[in-house]
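# Observations on chain architecture
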Number of protein chains: 2
Amino acid sequence: MSEVHAVRRTRLRDCCNAGGSAAALVSRPANVRYLAGAAPEGAVLLLGGTEDLLVCVGPPDDRSPQSRPDEALRVHIVPGLGGDAAVAAAGLAAAQGVDSLAVEEHHLTVTRHREIHSVAPRLRLAGIGCAVEQQRIVKDEEEISCLRIGAEIADQALGELLESILVGRTERHLALELERRLVDHGADGPAFPTSVATGPNAGRPGHRPTDRRVEEGDFLSVCLGATYRGYRCEIGRTFVIGTAPADWQIELYDLVFSAQRAGRESLVPGAACRDVDRAARHVLDSAGYAEALPMATGHGVGLEIDEDPQLTPAAMGKLDACVPVTVEPGVHLPGRGGVRIDDTLVVRPEADGGPELLTITTKELLAL
Amino acid sequence: MSEVHAVRRTRLRDCCNAGGSAAALVSRPANVRYLAGAAPEGAVLLLGGTEDLLVCVGPPDDRSPQSRPDEALRVHIVPGLGGDAAVAAAGLAAAQGVDSLAVEEHHLTVTRHREIHSVAPRLRLAGIGCAVEQQRIVKDEEEISCLRIGAEIADQALGELLESILVGRTERHLALELERRLVDHGADGPAFPTSVATGPNAGRPGHRPTDRRVEEGDFLSVCLGATYRGYRCEIGRTFVIGTAPADWQIELYDLVFSAQRAGRESLVPGAACRDVDRAARHVLDSAGYAEALPMATGHGVGLEIDEDPQLTPAAMGKLDACVPVTVEPGVHLPGRGGVRIDDTLVVRPEADGGPELLTITTKELLAL
């Protein structure tokens, strides 16, 4: 793995050098992890003029392979108590003779930026933009395999829940049980707070579980994901509780299912992100649900659960092969509930069989 | 409650006006919650020239009293998809005729700061410093009562775990079980990721649970907390697994216990934060554990689990009455394990009985 990280750092360094900076300071934790193999709390990565350093505020935890930084990287521990790694790294860069340092202005606060300027007043601070985030969009097969395992774990946890008795249990308990099962099956932990929504809550994006209990006739929507070796996936399904769904439930489900399928089917290398969004959104729009729609119908996943690309009406850019994204349209009708269907897929060329579905739990409307 | 928030906003406005700014933009989520009663995701609070506004990127979730913003505040929803609340709020301030806006430079990123400048180029941006964080340090009795209930919940969850069989179970499972019990007893959720550390891991600050199983003879250290109505408390205890602890375990435990007691006993209004730290640290230092000590022996708690004051050797400032803090010294011996003991207490004058202990689980060395 060490080599992978070195290659990634070289790409970033080339990008910085092209922008006129000899060195870069990476502070956003997911970016540090991507380039250094691990992101100890508060650590930053200095791609320096003479040497790369992982600058930490305390000794990194190296007991498991996932928390161990790339061995090729020298670790510098900020001396004293309560030091700041970004400020220390800037001082080290200046001491290495660096005159221009590219920083992550979208992550660094105004206060820290000023502190860096005051410890290294001669260092010119430039912006690195979202160079690392851009680099992270296309995944290698190692990364995709972590996502695939995470998706399997989420499928397993969800499958087991469906076999248990649901009526009478609260949203909070179901969410906790799902999270326990994720860990049971080998996840590092949940990829984001598990959402379980019943009855009138069903279909609300990002619903936080409440003490409402599952009742007969409810829609039940569940959204969960596993983190596996740092990589986060997502699956969302909606079910009906009871022997048979009502007509309005079947209609709404079929509609959201069609929208989700349209989104999935438009995932091809070269497709514009906004066109994927439009494919899904159009189905719901034309059925009169324009108002009920969320901002995005999908987004990239990886070391963070919500990363680029964004599948939104205003998104720029096109999809590449080996980009994992979610496709997750939904409709929520206030007071009645709703439906969300959410998969994680990897964009693949048609010659390779088209989009690879990572979350394989059935999308039939199950009555539980 | 609405009145409480209005009083807090008035205090902040007075502080800004004294600093020469007619308006303030509060973006740090815990600060928004403190002043507005709720902090919908991505929302910011504008204490404007003519009107206060909670600026949200979507409709706030108002189903439970805890997630409902102060009714006296007008809610402004940023139109369109993917808008930014801080940038929109700055535009609104400029439209209100505000010429100087105080912002949270320690929370706002360099990029956002620049975006604000570009949408409202005539608006002078000043720093608000940590004015809201400072205001949050001393709690009112309503806030302390939330912490007290959270502490009771954490005590209950821990008490139940101690009655169950521990040998053979993994750190991860014990941590998940504790988190489930917190929610069972009415917590909003865990206050921070629950730490369960066995054997050689015991006593490590912030240890992330692994698949290591509890064994006879282990030290077992547990650190957990409940969030109740947004307020977060913390308790940490160390136990021994088996019928009788070894001599070295008893010695180390007694030492850490003495250090923790010394810290607790020095919690009086007017005490310097560094003196509280020194009281605890000195006990461990003189026993030869200077190297093994963490940066802080305690910290404030409230809407965040780690807030001011910090109990560190370099801390400035004194404790006031009604300030809740943790006292949590510990020693970790690499390869052998260690001990941490952690309580949440509220600083009270001696006339009121001295520090109020919120986390009341016994600190005897239990052999489980």
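Residues numbered from 1 in each chain as written. Chains lettered and ligands numbered in written order. Predicted model: local features only at pLDDT ≥ 70, side-chain atom pairs only at ≥ 80, totals over all residues. Heavy atoms only, no water.

## Concerning the sheet that holds strand 12 (residues 235-240) of chain B
Residues and elements named next belong to chain B.
- Read across the sheet, three strands follow the order 8-9-12 without closing on themselves; strand pairing throughout is antiparallel. Of all the strands in the sheet, just strand 8 (195-198) and strand 12 have a single pairing partner and so form its edges. Strand-to-strand twist of the sheet, defined as the mean angle between neighbouring strand axes without regard to direction, takes the value 10°.
- Two elements, strand 8 and strand 9 (residues 219-224), share four bridges in a ladder whose sense is antiparallel. Following the sheet pairing, Val196 is matched in strand 9 by Val222.
- Across the sheet, helix 7 (residues 171-184) lies against strand 8 and strand 9, angled at about 150° from strand 8, the strand it touches most. (Pairing = 2+ DSSP bridges. Helix = DSSP H or I, 4+ residues; strand = E, 2+ residues; numbered from the N terminus. Axes fitted to C-alpha atoms, helices over the stretch in contact; angles between N-to-C directions. Contact = heavy atoms within 4.5 Å.)

## Examining the packing of aromatic side chains
- This model, assessed by the stated rule, comprises two aromatic pairs over all chains.
- Centre to centre, the rings of B:Phe219 and B:Trp248 are 5.5 Å apart; their planes meet at 85°, and the pair counts as edge-to-face. One end of the pair, B:Phe219, is in strand 9; the other, B:Trp248, is in helix 8 (residues 247-265), and 29 residues separate them in sequence.
- By relative accessible area, B:Phe219 is classed as buried at 1%.
- Accessibility expressed as a relative area gives 28% for B:Trp248, which makes it partly exposed.
- The ring of A:Tyr34 carries the charged tip of A:Arg8 above its face, separated from the ring centre by 3.9 Å.
- We note B:Arg336 situated over the ring of B:Trp248; from NZ or CZ to the ring centre the distance is 4.3 Å. (Phe/Tyr/Trp six-rings, centres within 6.5 Å; stacked < 30°, edge-to-face > 60°. Buried < 20%, exposed > 50% of the residue type's maximum accessible area, 1.4 Å probe, protein only. Lys NZ or Arg CZ within 6 Å of the ring centre and 35° of its normal.)

## Structural notes on the domain arrangement of chain A
Residues and elements named next belong to chain A.
- Assigned domains of chain A: these are domain 1 (2-136) and domain 2 (138-357).
- Each of domain 1 and domain 2 has a C-alpha centre, and the two are 34 Å apart.
- In this complex, domain 1 contributes ten residues to the contact, which on the side of domain 2 involves twelve residues.
- For the domain 1 and domain 2 pair, buried surface summed over both sides reaches about 850 Å², with 36% attributable to carbon and sulfur atoms.
- Inspection of the region where domain 1 meets domain 2 yields five salt bridges.
- Between Arg8 and Asp140 there is a salt bridge, with the nearest N and O atoms lying 3.5 Å from each other.
- Elements with a minimum of two residues in the side of domain 1 that touches domain 2: helix 1 (2-18), helix 2 (29-36) and helix 5 (131-137).
- Counted by class, the side of domain 1 that touches domain 2 contains three nonpolar, three polar and four charged residues. (Domains from an automatic or database assignment. Buried area = accessible area lost by both parts, 1.4 Å probe. Salt bridge = Lys/Arg side-chain N within 4 Å of Asp/Glu carboxyl O. Nonpolar A, V, L, I, M, F, W, Y, C, P; charged D, E, K, R; others polar.)

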